[in-house]
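# Tertiary structure, described
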Amino acid sequence: MACTLAAVKLGIPVTHVEAGLRSFDRGMPEEINRVLTDQISDLLYTTERAAATNLAREDDERSATSATSAVNHYIAKFITAEGAEDAEEDSTTRVRQVSFS
């Protein structure tokens with residue numbers, strides 16, 4: 001949490017992977033960290049639909065992206081396709097799905 005706050009204060013963009021996950025137990029320190037990190041992050045990546053629903057319920061108007069799509073995007077953009085058996089673009093996410101052998 002301290003690094004996230006420092007990055008925000010220094011103008012460094014913050015990405016929260018696993019945004020929107022909730023236990024709904026405010027007595028857990030991790031739950032407070034999750035909510036605060038979502039609020040101050042520039043980019044939000046969710047791992048499941050329930051997480052996106054939680055963000056919408058909290059009136060977060062920013063769009064969240066599936067973390068699976070983010071990982072596929074990273075693979076397609078930054079890792080060479082050497083050894084890729086097939087690489088095709090998913091028309092719904094516009095992210096290349098790459099399979100490695």
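Everything discussed here concerns the structure shown above.
Residues numbered from 1 in each chain as written. Predicted model: local features only at pLDDT ≥ 70, side-chain atom pairs only at ≥ 80, totals over all residues. Heavy atoms only, no water.

With that settled, the discussion passes to the sheet that holds strand β2 (residues 43-46). Sheet architecture is open: 3 strands sit in the order β1-β2-β3, paired in parallel fashion. The open sheet is flanked by β1 (15-17) and β3 (64-66), the only strands paired with a single partner. For this sheet the average axis-to-axis angle between neighbouring strands, irrespective of direction, equals 25°. As paired strands, β2 and β3 are joined by 3 bridges and run parallel to one another. By the bridge assignment for β3, threonine 46 is matched with serine 66. (Pairing = 2+ DSSP bridges. Helix = DSSP H or I, 4+ residues; strand = E, 2+ residues; numbered from the N terminus. Axes fitted to C-alpha atoms, helices over the stretch in contact; angles between N-to-C directions.)

This next bit is on the pattern of salt bridges. Under the defined criterion, the tally for this structure stands at 4 salt bridges. Of the charged contacts in the structure, one is a salt bridge between glutamate 58 and arginine 22, with a shortest N-O distance of 2.7 Å. In this pair, glutamate 58 sits in the loop between α3 (49-57) and β3 while arginine 22 sits in the loop between β1 and α2 (29-40), placing the two residues 36 residues apart along the sequence. With a relative accessible area of 29%, glutamate 58 lands in the partly exposed category. (Salt bridge = Lys/Arg side-chain N within 4 Å of Asp/Glu carboxyl O. Buried < 20%, exposed > 50% of the residue type's maximum accessible area, 1.4 Å probe, protein only.)

Where β1 and β2 come together, 3 bridges link them in parallel fashion. When the bridges of β2 are listed, threonine 15 appears paired with leucine 43.

Of note, isoleucine 40 is situated in helix α2. Between the alpha carbons of isoleucine 40 and threonine 4 there is a distance of 8.2 Å; along the sequence they are 36 residues apart. Leaving out residues up to four positions away in the same chain, isoleucine 40 has contacts with Met1, Thr4, Leu5 and Val8. (Contact = heavy atoms within 4.5 Å.)

Now for a nonpolar patch on the surface. A cluster of nonpolar residues, Met1, Leu5, Ile32 and Leu36, forms a patch on the protein surface that exposes about 310 Å² of accessible area. Along the chain, the position of methionine 1 falls in the segment before α1 (2-9). Of the residues examined, methionine 1 reaches a relative accessible area of 32% and is grouped as partly exposed. (Patch = residues over 30% accessible without salt bridge, like charges linked within 9 Å, V, L, I, M, F, W, Y side chains within 5 Å. Areas by Shrake-Rupley, 256 points an atom, 1.4 Å probe, with all protein chains shown as cover.)

This part takes up the environment of valine 35. Within the secondary structure, valine 35 sits in helix α2. Taking the C-alpha atoms as reference points, valine 35 and arginine 22, 13 residues apart in sequence, are found 8.1 Å from one another.

Next up on the list: α3. Considered for burial, the residues of α3 that qualify are Ala51, Asn54 and Leu55. Down the axis, α3 shows its buried residues gathered within 100° of arc, on one side only. Exposed side of α3, more than 90 degrees from the buried face: Arg49, Ala56 and Arg57 are the residues found there. Next to the buried residues of α3 lie α2, β2 and β3. Note on α3: the residue one or two positions beyond its end, aspartate 59, has a positive phi of about 60°. (Arc of directions from axis to C-beta.)

What is shown is where atoms sit, not what they do.
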